[in-house]
Amino acid sequence: MPAPLLRFLSPLLLPLLLAACQHRATEPADTAPPPSPPSLSQELEQQLQEGDLPAATASFKRLQAEQSGPAVETYQRRLSEAWLKRGEQALERGDMSAAATALGNARALMPRAPSLNLPRQNGSTAKP
């Protein structure tokens, strides 16, 4: 190559080389770590929000087996209330079977809840 051509190309090659290095550094890595699975409480929260109460009940039982404390009791109460609400909606539709099933699920979660104890014929509340 003639010397004048090298003098002309050398100032252009350096910025091109630097730009290529910078472009390569900003590309994301091909081996990104897989997303971690949601925790049981996150899974339960999502299922409650979606209204998937059978799956939420299964998740709650797994959570209850692994943990204890106020957070588990809060989920237990929320899940029981969700089943109770589903039972009320079934009653409004006239679906007695679904209402009984939902009430049974709510009562299984919170057997001493006053709203889940039906009055007996003599006026006293039923005891589990």
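As a convention, each chain's residues are numbered from 1 in the sequence order in which they are written. The predicted origin of the model limits local features to residues at a pLDDT of at least 70 and limits the giving and counting of side-chain atom pairs to 80 or more, whereas totals for whole chains, interfaces and linings rest on all residues. Side-chain measures were taken over the full set of non-hydrogen atoms in the model, leaving aside hydrogen atoms and water.

1. A short note on the side chain of Thr-57
And then number 1: Looking at where Thr-57 falls in the secondary structure, it is placed in helix α3 (residues 53-66).
And then number 2: Note on definitions: a residue-residue contact is assigned when non-hydrogen atoms from the two residues lie within 4.5 Å. Beyond its immediate chain neighbours, meaning those up to four positions away, Thr-57 contacts Leu-79 and Trp-83. Helix and strand definitions follow DSSP, with helices as H or I runs of at least four residues and strands as E runs of at least two, each counted in order from the N terminus.

2. Some points on the pattern of salt bridges
And then number 1: Just to be clear on terms, a salt bridge is a Lys or Arg side-chain nitrogen sitting within 4 Å of an Asp or Glu carboxyl oxygen. Evaluated as defined, the whole model comprises 2 salt bridges.
And then number 2: Ionic pairing is found between Glu-43 and Arg-62, a salt bridge with its closest N-O pair at 2.8 Å. Here Arg-62 lies in helix α3 and Glu-43 lies in helix α2 (residues 40-50), a separation of 19 residues in the sequence.
And then number 3: The salt bridge involving Glu-45 is made with Arg-78; its shortest N-O contact spans 2.8 Å. Taken together, the residues Glu-45 in helix α2 and Arg-78 in helix α4 (residues 70-93) connect sequence positions 33 residues apart.
And then number 4: Here's how the labels work: a residue is buried when its accessible area is under 20% of the maximum for its type, exposed when over 50%, partly exposed in between, all with a 1.4 Å probe on protein chains only. Residue Glu-45 is classed as partly exposed on the basis of its relative accessible area, which comes to 22%.

3. Structural notes on the nonpolar core
And then number 1: We define a nonpolar core as any set of buried Ala, Val, Leu, Ile, Met, Phe, Trp, Tyr and Cys residues linked to one another through side-chain atoms lying within 4.5 Å. Within the largest apolar cluster, 15 residues are counted, with the highest numbers of intra-cluster contacts made by Leu-44, Leu-48, Phe-60, Leu-63, Tyr-75, Leu-79 and Trp-83.
And then number 2: For this core, the element with the highest residue contribution is α4, accounting for 5 residues.
And then number 3: Every residue in contact with Leu-44, bar those within four places of it in the chain, is listed here: Ala-56, Ser-59, Phe-60, Leu-63 and Tyr-75.

4. Looking at α2
And then number 1: Restricting attention to buried positions, one finds in α2 the residues Leu-40, Leu-44, Gln-47 and Leu-48. Taken down its axis, α2 places every buried residue within 100 degrees of arc, on the same side. Within α2, the exposed residues directed more than 90 degrees away from the buried face are Gln-49 and Glu-50. In this description, one arc is meant: the one made by directions from the helix axis to the C-beta atoms.

5. Digging into the packing of α2 against α4
And then number 1: Viewed as axis vectors pointing N to C, α2 and α4 meet at an angle of 20 degrees, and their least axial separation amounts to 11 Å. The angle between α2 and α4 places the two elements in the roughly parallel class. Seen from above, α2 lies across α4 with left-handed handedness. The segment α2 lies against α4, with Ser-41, Leu-44, Glu-45 and Leu-48 engaging Tyr-75, Arg-78, Leu-79 and Ala-82. The angle between two axes is taken between their N-to-C directions and runs from 0 to 180 degrees, where each axis is a line fitted to C-alpha atoms and a helix contributes only its stretch in contact. By the definition adopted for this analysis, an angle is roughly parallel if under 35 degrees, roughly antiparallel if over 145, roughly perpendicular if from 65 to 115, and oblique otherwise. In this scheme the handedness of a crossing depends on how the near helix is turned from the far one: anticlockwise by less than a right angle means left-handed, clockwise means right-handed.

6. Quick word on the confidence of the model for the chain
Close reading of the predicted structure is inappropriate where its pLDDT is low.
And then number 1: Every residue carries a pLDDT, the predictor's confidence in it, which falls somewhere between 0 and 100. Confidence in the prediction of the chain, expressed as mean pLDDT, is 76, and 58% of residues score 70 or more.
And then number 2: Within the chain, helix α1 (residues 3-26) has the poorest average pLDDT of any element, 62, and helix α5 (residues 96-109) the best, 91.

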